[in-house]
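Below, each chain spelled out in residue letters.
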Amino acid sequence: THADLNPQANEQIECRNTEPFANWLAQLNGSLAVTTYQAGKVALLGWRGQQLSLLMRQFTKPMGLAVGPGKLALATRHEITLFADAALLAKDLLIDQRGRYDALYLPRATYHTGDVNVHDVAFGSDGLWFVNSRFSCLSALSKDFSFVPRWKPSFVSEVVPEDRCHLNGLAMVDGKPKYVTALGECDNVGGWREKKATGGIMIDVETGNMVLRGLSMPHSPRWHNGHVWLLNSGAGELLAFDPEVGSAGVVCKLPAYLRGLCLIGRYAVVGMCQIREKHIFGGLPVQERIEKLLSGLAVIDLPTGNLIGMFEFTAGCTEIYDVQYLPGVRNVNILNAADETTRKAFTAPEFSYWLRPENEIT
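Let me sum up the structure you'll find in this document.

Criteria and thresholds
Residues numbered from 1 in each chain as written. Predicted model: local features only at pLDDT ≥ 70, side-chain atom pairs only at ≥ 80, totals over all residues. Heavy atoms only, no water. Helix = DSSP H or I, 4+ residues; strand = E, 2+ residues; numbered from the N terminus. Rg over C-alpha atoms; globule rule 2.2 N^0.38 Å. Buried < 20%, exposed > 50% of the residue type's maximum accessible area, 1.4 Å probe, protein only. Patch = residues over 30% accessible without salt bridge, like charges linked within 9 Å, V, L, I, M, F, W, Y side chains within 5 Å. Areas by Shrake-Rupley, 256 points an atom, 1.4 Å probe, with all protein chains shown as cover. Salt bridge = Lys/Arg side-chain N within 4 Å of Asp/Glu carboxyl O. Phe/Tyr/Trp six-rings, centres within 6.5 Å; stacked < 30°, edge-to-face > 60°. Lys NZ or Arg CZ within 6 Å of the ring centre and 35° of its normal. Arc of directions from axis to C-beta. Pairing = 2+ DSSP bridges. Axes fitted to C-alpha atoms, helices over the stretch in contact; angles between N-to-C directions.

## A few points about the overall build of the protein
A count of helical and extended segments in the protein gives 4 helices and 29 strands. Its C-alpha atoms give the protein a radius of gyration of 20 Å, near enough to 21 Å, the size a compact globule of 362 residues would have. In terms of its C-alpha atoms, the protein occupies a principal-axis envelope of roughly 65 × 50 × 40 Å. The buried share of the protein, reckoned over its 362 residues, is 56%.

## Description of a nonpolar patch on the surface
The grouping of Phe 346, Phe 351 and Tyr 353 at the surface amounts to a nonpolar patch, some 350 Å² of accessible area in total. Along the polypeptide, Phe 351 turns up in the loop between strand S28 (345-347) and strand S29 (352-354).

## Some words on the packing of aromatic side chains
Under the criterion given, the structure shown has 9 aromatic pairs. Between Tyr 179 and Phe 241 the ring centres are 6.2 Å apart and the planes differ by 70°, which places this aromatic pair in the edge-to-face class. Taken together, the residues span a long stretch of sequence, with Tyr 179 in strand S15 (residues 176-182) and Phe 241 in strand S20 (residues 237-242) at a distance of 62 residues. Taking the relative accessible area as the measure of exposure, Tyr 179 reaches 5% and is therefore buried. By the ring-pair criterion, three or more aromatic residues cluster together here, those being Phe 21, Trp 24, Tyr 267, Phe 311 and Phe 313. The positively charged end of Lys 71 is found above the aromatic ring belonging to Phe 123, 4.4 Å away from the centroid. Residue placement shows Lys 178 over the ring face of Tyr 179; its charged tip is 5.6 Å from the ring centre.

## Quick word on helix H1 (residues 19-27)
For an α-helix, 3.6 residues make a turn, and residues three or four places apart therefore share a direction. Every buried residue of H1 is listed here: Phe 21, Ala 22, Trp 24 and Leu 25. Taken down its axis, H1 places every buried residue within 160° of arc, on the same side. Counted as exposed and oriented over 90 degrees from the buried face of H1: Glu 19 and Gln 27.

## Examining the sheet that holds strand S16 (residues 200-204)
Spatially, 4 strands are ordered S14-S15-S16-S17 in an open sheet, and the strand pairing comes out antiparallel. The sheet terminates laterally at strand S14 (167-173) and strand S17 (210-215), the two strands that pair on one side only. Mean inter-strand twist for the sheet, computed between neighbouring axes without regard to direction, equals 15°. Pairing of S14 with S15 involves 6 bridges; the strand directions are antiparallel. Residue Gly 169 lies in a different strand from S15, and its bridge partner there is Thr 181.

## Looking at the sheet that holds S20
Taken in spatial order, the 4 strands line up as S18-S19-S20-S21 in an open sheet, and their pairing is antiparallel. At either margin of the open sheet sits one strand with a lone partner, and together these are strand S18 (219-224) and strand S21 (247-253). The mean angle between the axes of side-by-side strands here comes to 25°, regardless of whether they run parallel or antiparallel.

## As for unusual backbone geometry
Of note in this structure, Lys 61 is not a glycine but carries a positive phi near 50°. As for its position among the elements, Lys 61 is in the loop between strand S5 (51-58) and strand S6 (65-68). In this structure, Asn 225 takes a positive phi of about 55° despite not being glycine. Examined against the element boundaries, Asn 225 turns out to sit in the loop between S18 and strand S19 (227-232).

What follows is the structure in structure tokens.
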């Protein structure tokens, strides 16, 4: 594995992958983006001719990640930042390694939300939506306010900073929010914690109806091929919900607390986490089933539920939050706003330029 580790990282991150995972990634017409708030990184997994490549970039508590044509949205501790691909500049990012990258995401706008504990984010037909967990609602970005509340579960009586149900996951259908997950059907401060192992729910945003109950800390609902795929995280299960039937079935079980999910054709890429402090994560079904939990990614064949391959973090990274697919680009780079390189990249609708020493005006 080739790894570009950010020199700011305070702990060495080590990883390994199975040969089937590498073979699967080699045939993928794209790359994977992974957020880990625990390690403070956005990880980009690509393929460099003969080997898997891993690039890691420093961010402050990176959480939800949304992907659109040539754009990304990333939630961090206090902000949501919009990035755009400077495709014309990507190949010349490294002068001594021209052609190394085929996409380069540069920060273009930052919205200062404050610490509202943003979880999932998603591009919709009317802009970006995000799960505002601290205020138990779905929200929109604003140039004038921290956020604009757009929807809340019917059982939540008021939009206040009390994380009443731990709303976390968002699935879009036809450009609009359609399904959300939460850890409890509660209307009091942190009420979801009391029955976290069995109190999880999924709600139809459009109707307000509860479509699933009895889940174990569910996350990451995603709409794909007429079904909602979601993670029954505390049980280590990938579920498929059929809205026509109104029930969900287990696709597979994995040796991890699950969080982060993307669907690519017949495959699912699932984020795997180890478990933190007991007061939040203790007493979950997956802990009773598995002694040693893994951190990394698992590729699942959806029709059969079979495990295709795994990418595992063996040190320095114990939790994943989001996993997204970047189609059509094999080696991707992303720069945070503090990186001096961003000041030397100029993009316009018809052209792009690097500011290099040879063309600087002194």
